[in-house]
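Examination of the molecular architecture
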Amino acid sequence: MLAKRQPATKLIGLFGYMNWFVSNLLLAMGAPPQGAQSSAPAWISFAPMILLVVVFYVALIRPQQKKARDHANLLKTLRPGDKIITSGGVLATVVTVKERTLTIRSADAKFEITKSAVTEVTERGGDSAGS
């Protein structure tokens, strides 16, 4: 009535043999021949790791820092009258700007939100004398 478990145990045994074979093969490939010494400088073994850190910095960290710097600059230049889009997708007009919050008006509603919720300024208002 129950299926026999014999094929599964053979399969597990096959994987165990393959694991042993692959690990021994990798050990044999990585070991220098007997009697020979490695003549490469020690810093060369760290070169791939250093290259990986540089690639991660250039590809991931630097663009994120630039984006954060641009967003901080956008928040500094907010003025009453600017039309904005919030992270929740609300299209609104800035009424007042405080240190950490904004009062915005969207249609007939008036909200107070944190500055960090602003994702984009779509149109600069007429009250911005500095821009």
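Basis of the calculations
Residues numbered from 1 in each chain as written. Predicted model: local features only at pLDDT ≥ 70, side-chain atom pairs only at ≥ 80, totals over all residues. Heavy atoms only, no water. Helix = DSSP H or I, 4+ residues; strand = E, 2+ residues; numbered from the N terminus. Buried < 20%, exposed > 50% of the residue type's maximum accessible area, 1.4 Å probe, protein only. Polar contact = N/O pair within 3.5 Å; in protein donor to acceptor, adjacent residues only side chain to side chain. Contact = heavy atoms within 4.5 Å. Salt bridge = Lys/Arg side-chain N within 4 Å of Asp/Glu carboxyl O. Pairing = 2+ DSSP bridges. Axes fitted to C-alpha atoms, helices over the stretch in contact; angles between N-to-C directions. Core = buried A, V, L, I, M, F, W, Y, C linked by side-chain atoms within 4.5 Å.

**A closer look at the overall build of the chain**
What the chain contains, in helices and strands, is two helices and five strands. If you list the helices and strands of the chain from N to C, you get α-α-β-β-β-β-β. Burial statistics for the chain: of 131 residues in total, 15% are counted as buried.

**Regarding the side chain of S106**
Structurally, the position occupied by S106 is in strand β3 (residues 101-106). In terms of polar contacts, S106 uses its side chain to reach the backbone carbonyl oxygen of L91, at 2.9 Å. Excluding anything up to four places from it in sequence, S106 contacts V90, L91, A92 and F111.

**Some details on the pattern of salt bridges**
With the rule as written, the count across this model stands at three salt bridges. For K66, the salt bridge is made with D70, and the minimal N-O distance between the two is 3.2 Å. Pair noted here: K66 and D70 are both in helix α2 (residues 47-76), with a separation of four residues, about one helical turn. For E112, the salt bridge is made with K98, and the minimal N-O distance between the two is 3.5 Å. In this pair, E112 is assigned in strand β4 (residues 109-114) and K98 in the loop between β2 (91-97) and β3, connecting sequence segments 14 residues apart. For K98, a relative accessible area of 44% puts it in the partly exposed group.

**Points about the sheet that holds strand β5 (residues 118-123)**
Pairing in this open sheet of five strands is antiparallel, and the strands run β4-β3-β2-β1-β5 from one edge to the other. Taken across any chain shown, the strands that pair with only one partner, and hence form the sheet edges, are β4 and β5. Averaged over all adjacent pairs, the angle separating strand axes in this sheet is 40°, with direction ignored. Bridge count for β2 against β3 is four bridges, and the pairing is antiparallel. Paired with V97 across the two strands is L102, which belongs to β3.

**Observations concerning the nonpolar core**
Ranked by size, the top nonpolar core spans 12 residues in total: L74, L75, L78, I84, A92, V94, L102, I104, I113, A117, V118 and V121. Looking at this core, the elements with two or more residues in it are α2, β2, β3 and β5. For I84, the residues in contact, after removing those within four places along its chain, are L78, V90, L91, A92, V94, L102, I104, I113, V118, E120, V121 and T122.

**Looking at unusual backbone geometry**
Phi is positive for A107, which is not a glycine, with a value near 55°. According to the relative accessible area criterion, A107 is exposed, its value standing at 71%.

Structural measurements only, silent on function.
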